[in-house]
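# A look at the structure
Next come the chains, spelled out residue by residue.
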Amino acid sequence: MAITRTAAQSPQNHPYVGMWVTADGQVRHNLLPNGRYDEARGSRESAYRGRYKVTGDHIDYWDDTGFTADGTFIDGVLHHGGMVLYRRE
């Protein structure tokens, strides 16, 4: 079920805060309630870190190194950079 919003939500109160993981568990995005994210890849914890902003079902990432990326939440699944990530409860 998609959650629709018209304005940007503050990170502290949007429903996408939490851990998002690929089916094989190799990529893990932890969307923190303070607007920061921490991405792990394989055995490498904190491979990427930065800030993010959610607007409706769209997410923009700004890595601390200057890299930018984005994604879309569709029916409770995060599509980002050719990957599909699922909410880990």
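Residues numbered from 1 in each chain as written. Predicted model: local features only at pLDDT ≥ 70, side-chain atom pairs only at ≥ 80, totals over all residues. Heavy atoms only, no water.

### Thoughts on the overall build of the protein
Spelled out, the test is: In DSSP terms, a helix is any run of H or I states spanning at least four residues, a strand is any run of E spanning at least two, and both are numbered starting from the N terminus. Residue exposure (1.4 Å probe, protein chains only): buried if accessible area is under 20% of the type maximum, exposed if over 50%, otherwise partly exposed. The contact rule is simple, with two residues in contact once any of their heavy atoms fall within 4.5 Å.
In terms of helices and strands, the protein carries zero helices and eight strands. Seen in sequence order, the protein has helices and strands lined up from the N terminus as β-β-β-β-β-β-β-β. The buried share of the protein, reckoned over its 89 residues, is 37%. Contacts in the protein between residues far apart in sequence, at least 24 positions, make up 34% of those at least 6 positions apart.

### Things to note about the packing of aromatic side chains
Selection rule: Centres within 6.5 Å make a pair out of two Phe, Tyr or Trp rings, where for Trp the six-membered ring is used; the pair is then stacked when the planes are under 30 degrees apart, edge-to-face when over 60, and tilted otherwise.
Inspection of every chain in the model, using the stated rule, returns four aromatic pairs. The interplanar angle of 65 degrees and the centroid separation of 6.2 Å between the aromatic rings of Tyr16 and Trp20 together place this pair among those described as edge-to-face. The class of Tyr16 is buried, set by a relative accessible area of 6%. For the ring pair Tyr37 and Tyr61, a centre distance of 5.0 Å and an interplane angle of 85 degrees mean the geometry is edge-to-face. Here Tyr37, found in strand S3 (residues 36-41), pairs with Tyr61, found in strand S5 (residues 58-63); they are 24 residues apart in sequence, far enough to count as distant.

### Quick word on the side chain of Glu39
Mapping Glu39 onto the fold places it in strand S3. Residues in contact with Glu39, not counting those within four places in the same chain, are Val27, Arg28, His29, Ser46, Ala47 and Tyr48.

### Looking at unusual backbone geometry
Here the phi dihedral of Ser46 falls at roughly 50 degrees; this positive angle occurs in a residue that is not glycine. Note on placement: Ser46 falls in strand S4 (residues 44-55). Given a relative accessible area of 27%, Ser46 falls into the partly exposed group.

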